[in-house]
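# Overview (structure and organization)
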Amino acid sequence: MKFRINGGKRLNGVLKVQGAKNSILPILAACVLCKGEVVLHNCPKLSDVGSAIEILVHLGLKVEQNGEDIRVLCRGINCCEVPQNLMHQMRSSVVFLGPILAASGCAVISMPGGCELGPRPIDIHISALRRLGAEISDEHGMLRCKAKNGLVGTQIDLLFPSVGATENTMLASTLAKGTTVITNAAREPEIVDLANFLNACGAKIKGAGSSTVVIEGVKELGGCEYSVMPDRIAAATFLTAAAITRGDVTLKGARQEDITSVLALLKQAGCSVSVKSDEIRALCDKRPSAMNIIKTLPYPGFPTDAQAPLMSLAAVCEGTTMFVETIFENRYRHVGELIRMGADIKTEGKVAVVNGVERLKSAAVTCTDLRGGAALFLAALSADGTSDIYSIEHIDRGYQHIEKDFAALSAEVLRTE
Ligand code: UD1
């Protein structure tokens, strides 16, 4: 399949933003710890969500998906191993490690392995779980974890505020004996969403959203009804699309406080951004201008996941914008494809220098990863003529029916063979 985009059209309209991919995945993993019924609303229909559901079903939970609702009948797990094929469908499956270990005293998973963003090690996850009392060995690419006497709360200082490691540690310590204090924790809004979900199930977690998270272990978790937070990266993508097409897009159900760093850049580029309760509108009626240095950082800094879409915008701005990618080693793979579309970009290690051109050209391009794919999608929307985008399974991992959403904003997009 590919997307065929007839670009050069001004986007215009109103759209509801999807639920957050990076929130629903750890929340589904958390169901492993629960006993009772969990009902989740605002769940995006994405291939990664399907993979997480497959893992839950494999572990013995009953899952029903109905539109954007997911109902999980949590009754404990009946096995502690996630087969290799399920692990490899998505890297974030490593977030199942902590909950499986906490729920059953053992866990066997294959190493998630490298991926398109560089090596992405899991050493911080492993050292945190060891601090909680797990014995972990790596045998021929399989991680075998045991906690013979159960997990015991302690002080854990993360080497880096890793989002996944913070989530795994929170999940593992929810049912641990005693209190766990995580310092240098990630502060991303998805961490807060996970803590809110767990607390709604009966956990005792304080401080999520700050660098110190305190988890007082409880004996058991029940179920709950919960609505997943809006996807801040999808919101950033659609607002950037408004800027790149000199359009007028209003997002419903979006939270401006989650993307203040992105909104500040869109304003610098010359967009008018207005916020009304849970609505954000971006209006851009002239050629955008270059932005100040864009340096990716842990939250509340500028999100690495929005780097590629913003680079497509920088590619058509008047002037030069510099990017510094500090989170992932290999996150400029979209650059080569943007250059094929006429962008003027030079990279050197962590730095990319983008000299804006008046217009991008249509081309046939290939997605190399999820957000890089979104960047190509935006570039094609702004380019004159028809572009074909290949390897769109990357885009489908993070955007629910992206072609329908953009068509609702009057873009000409077709998903085709
Ligand atoms: C999550 C998000 C991803 C986002 C990223 C950074 C999910 C499902 N994915 O990924 O979209 O781009 O946060 O905001 O929520 N690291 C180590 N050792 C570890 C763990 C991480 O060295 O044990 C490094 C990584 O290689 C990377 C950096 O830390 O360079 C950030 O990774 P992390 O915050 O863990 O990202 P993820 O949780 O994988």
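Residues numbered from 1 in each chain as written. Predicted model: local features only at pLDDT ≥ 70, side-chain atom pairs only at ≥ 80, totals over all residues. Heavy atoms only, no water.

Close to the ligand lie 18 residues, the nearest being Asp 123, Ile 124, Ser 162, Asp 305 and Ile 327. Between the ligand and Asn 22 there is a distance of 3.0 Å, counted from an oxygen atom to a side-chain nitrogen or oxygen. With respect to the ligand, the side chain of Ser 162 contributes an N or O atom lying 2.6 Å from an oxygen atom. In the complex, the protein chains occlude 85% of the 730 Å² of accessible area that the ligand would expose alone. Elements with a contribution of two residues or more to the shell around the ligand: α5 (123-131) and α6 (163-173). For the shell around the ligand, the leading source of residues is α5, giving three residues. Considered class by class, the residues forming the shell around the ligand number seven nonpolar, six polar and five charged. (Near = heavy atom within 4 Å. Polar contact = N/O pair within 3.5 Å; in protein donor to acceptor, adjacent residues only side chain to side chain. Areas by Shrake-Rupley, 256 points an atom, 1.4 Å probe, with all protein chains shown as cover. Helix = DSSP H or I, 4+ residues; strand = E, 2+ residues; numbered from the N terminus. Nonpolar A, V, L, I, M, F, W, Y, C, P; charged D, E, K, R; others polar.)

Within this structure, the stated rule accounts for one disulfide. Residue pairing for Cys 80: its cysteine sulfur links by disulfide to Cys 106, the two sulfurs lying 2.2 Å apart. Of note, the bridge from Cys 80 to Cys 106 carries an S-S torsion of about -100° and is left-handed in sense. One end of the pair, Cys 80, is in the loop between β5 (69-75) and β6 (81-82); the other, Cys 106, is in strand β7 (residues 106-110), and 26 residues separate them in sequence. (Disulfide = S-S within 2.5 Å.)

Take helix α1 (residues 21-30) next. Within α1, nine of the 10 residues are buried, which leaves the element mostly enclosed by the surrounding structure. Among the residues of α1, Lys 21, Ser 23, Ile 24, Leu 25, Pro 26, Ile 27, Leu 28, Ala 29 and Ala 30 are the ones counted as buried. (Buried < 20%, exposed > 50% of the residue type's maximum accessible area, 1.4 Å probe, protein only.)

The next subject is the nonpolar core. Grouped together as the largest cluster of nonpolar side chains are 76 residues, with contacts concentrated most on Leu 28, Leu 40, Ile 70, Val 72, Phe 96, Phe 197 and Leu 198. Contact partners of Ile 70, with chain neighbours within four places excluded, come to Ile 24, Leu 28, Val 38, Val 39, Leu 40, Cys 43, Val 49, Ile 53, Val 63, Glu 64 and Gln 65. Leu 15, Ala 241, Leu 360 and Leu 376 belong to the second-largest nonpolar core, a separate cluster that totals 72 residues. (Core = buried A, V, L, I, M, F, W, Y, C linked by side-chain atoms within 4.5 Å. Contact = heavy atoms within 4.5 Å.)

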